[in-house]
Amino acid sequence: MLIIFDLDDTLIDTTYSITPNKLEKALERLMNAGATIGDFNTALEALKRLDETAMSSSNSLAEFLEINELGPKMKNLAFDEMRSNDLKDIGVACREGLEEMIEELSCDHTLAIVTSGDENLQRQKMEKARIPLRKFSEVIICPPGAKEKPYRELMLDFELDPQEILVCGDRVKNDLLPAKKLGLITVHMRYGRGLNCRDHGDLVDFEISDLNQLSDIIAHIERYNYLRKI
């Protein structure tokens, strides 16, 4: 099988190890620019509470700016900081048990990463989290909302049936619906932003909260594919 992984909140812990630091830096920049948002710690806690239920840090930051009636100048400053690709002072944690799982899966399967965002930033994340990239046949970084094209290209490059490709990601709309559209098997990672994806019904094939659960899903798919062919 070809197993395609998203990066953020799937292979690495973005929501809990990167986002809080980025939000804090954005708030510091607002304060230094003279934004009227009261006590820094109180404002930071309010921003983090908004982020807990948001589908992205951009959404939570936008809501915070609107609540505090901060105009375009402050908005540009805050988002400029959030989009900064400088992770120098920020630790990036990989998901627990990742290295062992990748080692095991790579013995019998082809692995790939398809992630969206700034290329420099995404590669920094992989490097700081020590993702074992030598185990992945392809690493593709595409613009946000453009995952269907790389999924299609991988399917053609490896000459595989859609039911021989599994895609694992945390955001149903961005990661999994483009794969589902092509008939690929989808696994929803219920972690980080994935916890805020609700009411997706039959839009995904499987749900997991731990990467180690993939082994059982893969075994199930392989049994199904074998029976389908005989």
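Conventions we followed
- Residues numbered from 1 in each chain as written.
- Predicted model: local features only at pLDDT ≥ 70, side-chain atom pairs only at ≥ 80, totals over all residues.
- Heavy atoms only, no water.
- Helix = DSSP H or I, 4+ residues; strand = E, 2+ residues; numbered from the N terminus.
- Rg over C-alpha atoms; globule rule 2.2 N^0.38 Å.
- Buried < 20%, exposed > 50% of the residue type's maximum accessible area, 1.4 Å probe, protein only.
- Contact = heavy atoms within 4.5 Å.
- Areas by Shrake-Rupley, 256 points an atom, 1.4 Å probe, with all protein chains shown as cover.
- Lys, Arg positive; Asp, Glu negative; His and termini not counted.
- Charge placed at Lys NZ, Arg CZ, Asp CG, Glu CD.
- Salt bridge = Lys/Arg side-chain N within 4 Å of Asp/Glu carboxyl O.
- Phe/Tyr/Trp six-rings, centres within 6.5 Å; stacked < 30°, edge-to-face > 60°.
- Lys NZ or Arg CZ within 6 Å of the ring centre and 35° of its normal.
- Core = buried A, V, L, I, M, F, W, Y, C linked by side-chain atoms within 4.5 Å.
- Axes fitted to C-alpha atoms, helices over the stretch in contact; angles between N-to-C directions.
- Parallel < 35°, antiparallel > 145°, perpendicular 65-115°, else oblique.
- Left-handed = near helix turned anticlockwise from the far one by under 90°.
- Nonpolar A, V, L, I, M, F, W, Y, C, P; charged D, E, K, R; others polar.
- Patch = residues over 30% accessible without salt bridge, like charges linked within 9 Å, V, L, I, M, F, W, Y side chains within 5 Å.

**Some thoughts on the overall build of the protein chain**
Check the secondary structure of the protein chain and you find 10 helices and eight strands. Over its C-alpha trace the protein chain gives a radius of gyration of 19 Å, about what one expects of a compact globule, namely 17 Å for 230 residues. Taken across its 230 residues, the protein chain has 47% of its residues classed as buried. Considering only contacts within the protein chain whose residues lie at least 6 apart along the sequence, 67% involve residues at least 24 apart. About 11900 Å² of surface is accessible on the protein chain, with carbon and sulfur atoms providing 46% of the total. Charge centroids of the protein chain, computed over 29 positive and 42 negative side chains, lie 3 Å from each other.

**Section: the pattern of salt bridges**
Throughout the structure, instances matching the rule amount to 11 salt bridges. For Asp-6, the salt bridge goes to Lys-147, with nearest N and O atoms at 3.0 Å. With Asp-6 in the loop between strand 1 (2-5) and strand 2 (12-13) and Lys-147 in the loop between strand 5 (138-142) and helix 8 (148-157), this pair connects stretches of sequence that are 141 residues apart. For the pair Asp-6 and Lys-147, one class covers both residues: buried. Between Asp-175 and Lys-147 there is a salt bridge, and its shortest N-O distance comes to 2.7 Å. Here Asp-175, found in helix 9 (residues 172-181), pairs with Lys-147, found in the loop between strand 5 and helix 8; they are 28 residues apart in sequence, far enough to count as distant. Among the residues examined, Asp-175 registers a relative accessible area of 3% and is labelled buried. Judged by relative accessible area, which is 2%, Lys-147 ranks as buried. Bridged by salt links that share partners, the residues Asp-6, Lys-147 and Asp-175 form one connected network.

**Side note on the packing of aromatic side chains**
This model, assessed by the stated rule, comprises two aromatic pairs. Pairing Phe-5 with Phe-136 gives two aromatic rings, centres 6.3 Å apart and planes at 80°, and the pair type is edge-to-face. Remark: Phe-136 occurs in the loop between helix 7 (119-128) and strand 5 and Phe-5 occurs in strand 1; sequence separation between them is 131 residues. Of note, Arg-95 hangs over the ring of Tyr-191, and the distance from its end group to the ring centre comes to 3.6 Å.

**With respect to the nonpolar core**
Among the nonpolar cores identified, the biggest contains 34 residues, and Phe-5, Ile-131, Leu-166 and Leu-214 are the most heavily contacted of them. Listed by contribution, the elements that provide at least two residues to this core are strand 1, helix 6 (98-108), strand 4 (110-116), helix 7, strand 6 (165-169), strand 7 (185-189) and helix 10 (214-229). In this structure Ile-131 touches Leu-11, Ile-12, Cys-94, Leu-98, Ile-113, Met-126 and Phe-136, once residues within four positions along its chain are discounted. Ala-26, Leu-27, Ala-43 and Leu-44 belong to the second-largest nonpolar core, a separate cluster that totals 19 residues.

**Some thoughts on the packing of helix 2 (residues 19-32) against helix 4 (residues 57-67)**
The contact between helix 2 and helix 4 brings their axes to 11 Å, and the two run at 30°. As summarised for this structure, helix 2 and helix 4 are arranged roughly parallel, according to the angle between their axes. In terms of crossing hand, the pair formed by helix 2 and helix 4 is right-handed. Of the residues in helix 4, those in contact with Thr-19, Leu-23, Leu-27 and Leu-30 of helix 2 are Ser-57, Ser-60, Phe-64 and Leu-65. Residue classes in the contact of helix 2 with helix 4 are distributed as five nonpolar, three polar and no charged.

**Thoughts on a negative patch on the surface**
Together, Glu-138, Glu-153, Asp-157 and Glu-159 make up a negatively charged patch on the protein surface. Examined against the element boundaries, Glu-153 turns out to sit in helix 8.

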